[in-house]
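Each chain is listed here by its residues.
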Amino acid sequence: MLLLGAHVSISGSIAKSVDRAKELGCTTFQIFTRNPRGWRAQKLKQEEVEEFKRRRREEGYRVVVAHMPYLPNIASPKQDGWRKSVNVLIDELRRCDALEIDYLVCHLGSHLGKGVQAGIERVARAVNEALSKVETGCVLLLENMAGQKGSVGSRFEEIGEIFSRIEQPDRVGVCLDTCHLYAAGYDVRSEAGLEETLRAFEEKVGLRRLKVLHLNDSKGGLGSGLDRHEHIGHGHIGKEGFRRIVNHKVLRGLPMIIETPEDEKGDYSYDLGVLRSLYRPE
Ligand code: ZN
Ligand code: MN
Ligand code: MN
């Protein structure tokens, strides 16, 4: 079965995300467990946790993904910023555990000019500390970056190096974002480029670590370093690129989540429709 969904809002209550996912015909979905724009989260109430778990069970969602809020930067060289970021990571892992969420996606962040190596060390230390403080079945997923200035983890070599420093690698995986891949210079648009990308990922990180895909087309060109999501088929990856991605034997069984814009050109139901039309059931 195709596990395809969208990043849906929790506006009103966390359980409402299940209704939104259902309405869109999603077979998996992603949420923020709280307002993503602030540092502080309201504590989860037991009723909202129970309501979410009940609604999810009723609708039969096997895989649910959460995404970290925007502000934390676990690659930060600044002690106070890094500490605050690790505390949010710990808190989010606990929230995901309470909500029985399967995966928590975290951006690798920015070294803020201190260099990739310094950033890799900060990320690994953040992950090790967070996992040592929280017992949870929720697997932490590191998301590849688009190659913006200062970013850590846009190259598979960097993600591989982070893994080599992680003390509990079985509790960590990777979420690959197709827009970020393309912007970072991995040509997932072409058949040969997609094969080469997966080969390089297997070599540097390991395909067994790949747990979730973010399907976003890219406004920016190959290697542009721009993190600008576009509607499926309207960007540089294009419909044929996504046809290969959703049907690829290595990728087709993975949970796939769109994080595309909602604007005059289209919305989630449009992008999900395009992807479903590209998918060939076996
Ligand atoms: Zn992300
Ligand atoms: Mn993403
Ligand atoms: Mn992005």
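Higher on the page you've got the structure.
Residues numbered from 1 in each chain as written. Chains lettered and ligands numbered in written order. Predicted model: local features only at pLDDT ≥ 70, side-chain atom pairs only at ≥ 80, totals over all residues. Heavy atoms only, no water.

For this particular structure, what's the right way to read the pairing of strand 5 (residues 139–143)?
Here is the key point about a regular strand: its side chains alternate between the two faces of the sheet. Of all five residues in strand 5, five are buried, a share of seventy percent or more. Because side chains alternate across strand 5, one face comprises the buried residues Val139, Leu141 and Glu143, and the other comprises Leu140 and Leu142, equally buried. Direction of pairing for strand 4 (residues 103–107) relative to strand 5: parallel, over a ladder of five bridges. Within the sheet, the bridge partner assigned to His107 lies in strand 5 and is Glu143. In this view, the connection linking strand 4 to its parallel neighbour strand 5 by way of helix 4 (residues 116–133) has right-handed handedness. Bridging between strand 5 and strand 6 (residues 172–177) involves four bridges; their strand directions are parallel. By the bridge assignment for strand 6, Leu142 is matched with Val174. Running through helix 5 (residues 156–165), the crossover from strand 5 to the neighbouring parallel element strand 6 is right-handed. (Buried < 20%, exposed > 50% of the residue type's maximum accessible area, 1.4 Å probe, protein only. Helix = DSSP H or I, 4+ residues; strand = E, 2+ residues; numbered from the N terminus. Pairing = 2+ DSSP bridges. Right-handed = clockwise from strand over helix to strand, strands pointing away.)

What is the right way to read the pattern of salt bridges from this model?
Working definition: two side chains of opposite charge can pair if their charged atoms are close together. Evaluated as defined, the whole model comprises 21 salt bridges. Residues Glu129 and Lys133 are paired through a salt bridge, measuring 3.0 Å at the closest nitrogen-oxygen approach. Taken together, the positions of Glu129 and Lys133, both in helix 4 and four residues apart, correspond to about one turn of that helix. One salt bridge in this structure joins Glu157 and Arg155, with 3.8 Å as the shortest N-O distance. (Salt bridge = Lys/Arg side-chain N within 4 Å of Asp/Glu carboxyl O.)

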